[in-house]
Amino acid sequence: MFQLTRSVTWQALQRLYRETENDRIRDYFAADPKRFEKMSLRVGGLFLDYSKHQISDTVLAKLLELADHSALVQRRAQMFSGDIINVTEDRPVLHTALRNVSDQPVYHADGKDVMPEIHRSWEQIHRFSDAVRNGEWTGHSGQRIRDVVNIGIGGSDLGPNMACRALLNQRHPELNFHFVSNVDGTHIQKVLKGLDPATTLFIVSTKTFSTQETLLNARTARRWFLENAGDDADIGAHFVAASTNRKAATEFGIREENIFEFWAWVGGRYSMWSSIGLPIALAIGFDGFMDMLRGAHEMDRHFLEAPNAENMPVLMALIGIWYINFVGAETHAIVPYDQALNQLPSFLQQLDMESNGKSVDIFGHPVNYKTGPIVWGQTGSNGQHAFFQLLHQGTRYVPIDFIASLKPEPGFEEHHFALLTNMLAQANAFMEGSQTGSRLDPYSCPGNRPSSTLLLDELTPRNLGALIALYEHKVFVQGVIWNINSFDQWGVELGKRIAGEISERIDTNVTDFDPSTQGLLHLLRDRFGDGEADDTSTAESSRNP
Ligand code: F6P
């Protein structure tokens, strides 16, 4: 059986790391004045500078060989053509079909062209978003909608939340958007406070319509509406759903015609292009939503057609693999120098860590190499006053993606200039460091810390769509090279199951949980249970500390 770590290319990369681990990035520039031109790339409205990496020409060539020798061409073709590549859930992976603005069909593994139903979904989203935005759609008292509340979590929250935040300045001036995700009651309480039920629209966004947090929040929202505004007959004017589970949505009280369906072959973290993106269409209009899809489609075409050496997702994937599997970096920082992208790190956390946080390959064999990194981050310039100290002078090696848009908000050119010059300065400082004299004094920075810089011409729906598709395909390429299934998420099911067991048994004997959980449950029981503790001592101590 093929063993990735025993491949000639992998072992050559291990050797190359040993040969180059003490290289200075700045020396690569001194040796090749054309390095910036050679290691930068434009795709549509996105420009990637990947020259500030501790990657020599020889290393880059060998990384490209890793991609060439992988199953990338085959697995990519299988994904785009509807083959069942999500093998543990026995599903195709067709989020790319959701943004297929060409007139080409896309066939599901069962042989059916999925585009007609996708087009019907676009028509439904178009009609509905126009009606809400122009006031045709009114609440039960005849007033137009003023506030839209999306109730969802994970991929049913992070994508639309991130996009609505990113495109805030293009949002409908008379519509406000709110996102409720956490099961913590303070989240929905804070959002509902100050809303008028007569002019509020709830979107219950849940692929399965079975996620505990979303269902509890949706029930609370429905109760709030009924207690403060209308009755069951009015639910239909204030609640719609985006889901694959029509039956459960109907049982909740959503009118059939207000269920925005999508399909099992769309992964949650890849679903913002489907009706889960309904808040985006409401915020920026259907044309803006389609522009976002077009941008993603253009990145799809680039990913499909560009040779690996000029393929932005492939290059970003290989750079990540170099640091994860050969340099030994454990994390990857996302630092958007754009406050409108402040939700992007959270979105990319789920995209990357829920996709590639795996330890068995597609055959179920444990892998003997690192896979998905810990993805984290925060906007700049704030990060400069929070965690950049560790990045400059700490003992850890953290590759960074700097992301920004070139075009300022009108009237804020001075702010934007300061923002971008700070970003360039930080990237330079991370690479150059500040070594004074023959040895590192305590005030100096070692430097040689790598980063990519990704510049959007402007933060438009089209360029945002391309940016997200870029990272989707980067994650996909890494998953292919690691030979893992990037599209299931069985790890999160375990926690859900145990949460169910605990909540159902708070009042019964819980001795089959570990002692810590038992002790903590006794504390909860005093608060939530019937108070009848069993005879374990913990109960007493917790009651009389
Ligand atoms: O985090 C686990 C997960 O299943 C995600 O993949 C998904 O985006 C999220 O929960 C919400 O699931 P649903 O959309 O079915 O409520």
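In the block above lies the structure referred to throughout.
Residues numbered from 1 in each chain as written. Predicted model: local features only at pLDDT ≥ 70, side-chain atom pairs only at ≥ 80, totals over all residues. Heavy atoms only, no water.

**Q** Pulling in residues and values, what's your account of the overall build of the chain?
**A** Counting its secondary structure elements, the chain contains 20 helices and 11 strands. In terms of C-alpha radius of gyration, the chain reaches 25 Å, essentially the compact-globule figure of 24 Å for 545 residues. C-alpha atoms of the chain, sized along the principal axes, occupy 75 × 65 × 55 Å. Classification of the 545 residues of the chain by burial places 54% in the buried group. (Helix = DSSP H or I, 4+ residues; strand = E, 2+ residues; numbered from the N terminus. Rg over C-alpha atoms; globule rule 2.2 N^0.38 Å. Buried < 20%, exposed > 50% of the residue type's maximum accessible area, 1.4 Å probe, protein only.)

**Q** Can you explain the sheet that holds strand β9 (residues 374–377)? Please cite residues and give values.
**A** Strand order across the open sheet formed by 6 strands is β1-β2-β11-β10-β8-β9, with mixed pairing between neighbours. Strands with a single pairing partner mark the edges of an open sheet, and in this sheet they are β1 (40–43) and β9. Adjacent strand axes in the sheet meet at a mean angle of 20° when their direction is disregarded. Looking at chain direction, β1 and strand β2 (residues 46–49) are connected through 4 bridges and run antiparallel. (Pairing = 2+ DSSP bridges. Axes fitted to C-alpha atoms, helices over the stretch in contact; angles between N-to-C directions.)

**Q** Please provide a residue-by-residue account of the environment of Gly328, values included.
**A** Position of Gly328 among the secondary structure elements: in the loop between α13 (312–327) and β8 (331–336). In this structure Gly328 comes out as partly exposed when scored by relative accessible area, which is 44%. For the pair Gly328 and Arg396, spaced 68 residues apart in sequence, the C-alpha to C-alpha distance is 9.9 Å.

**Q** Can you break down the site of the ligand residue by residue, with the values?
**A** If you check the shell around the ligand, you find 15 residues, and the closest are Gly155, Ser156, Thr208, Thr211 and Glu354. In the model, an oxygen atom of the ligand is placed 2.7 Å from a nitrogen or oxygen of the Gly155 main chain. Between the ligand and the protein, one listed contact pairs an oxygen atom with a side-chain N or O atom of Glu354 at 2.7 Å. Protein burial of the ligand: of its 400 Å² of free accessible surface, 88% is covered by the chains. Secondary structure elements with two or more residues in the shell around the ligand: α14 (344–356) and α18 (490–504). Looking at the shell around the ligand, its residues break down into 2 nonpolar, 9 polar and 4 charged. (Near = heavy atom within 4 Å. Polar contact = N/O pair within 3.5 Å; in protein donor to acceptor, adjacent residues only side chain to side chain. Areas by Shrake-Rupley, 256 points an atom, 1.4 Å probe, with all protein chains shown as cover. Nonpolar A, V, L, I, M, F, W, Y, C, P; charged D, E, K, R; others polar.)

**Q** Break down the pairing of strand β10 (residues 400–405) for me, with residues and values.
**A** Within β10, 6 of the 6 residues are buried, leaving the element largely enclosed by the surrounding structure. Because side chains alternate across β10, one face comprises the buried residues Ile400, Phe402 and Ala404, and the other comprises Asp401, Ile403 and Ser405, equally buried. Bridging between β8 and β10 involves 4 bridges; their strand directions are parallel. Paired with Ile334 across the two strands is Asp401, which belongs to β10.

**Q** Run through the packing of aromatic side chains, naming residues and quoting values.
**A** Evaluation of the coordinates by the stated rule reveals 24 aromatic pairs. With 6.4 Å between their ring centres and 45° between their planes, Phe80 and Phe303 make a pair best called tilted. Residue Phe80 is located in helix α5 (residues 72–80), and its partner Phe303 is located in helix α12 (residues 278–305); the two are separated by 223 residues in the primary sequence. Under the relative-accessibility criterion, Phe80 is labelled buried at 17%. Here the aromatic cluster, defined as three or more aromatic residues joined through ring pairs, consists of Phe202, Phe209, Trp224, Phe225, Phe239 and Phe252. Taking the ring centre of Phe303 as reference, the NZ or CZ of Arg76 above it sits at 5.0 Å. (Phe/Tyr/Trp six-rings, centres within 6.5 Å; stacked < 30°, edge-to-face > 60°. Lys NZ or Arg CZ within 6 Å of the ring centre and 35° of its normal.)

Everything listed is a geometric property; what it means functionally is a separate question.
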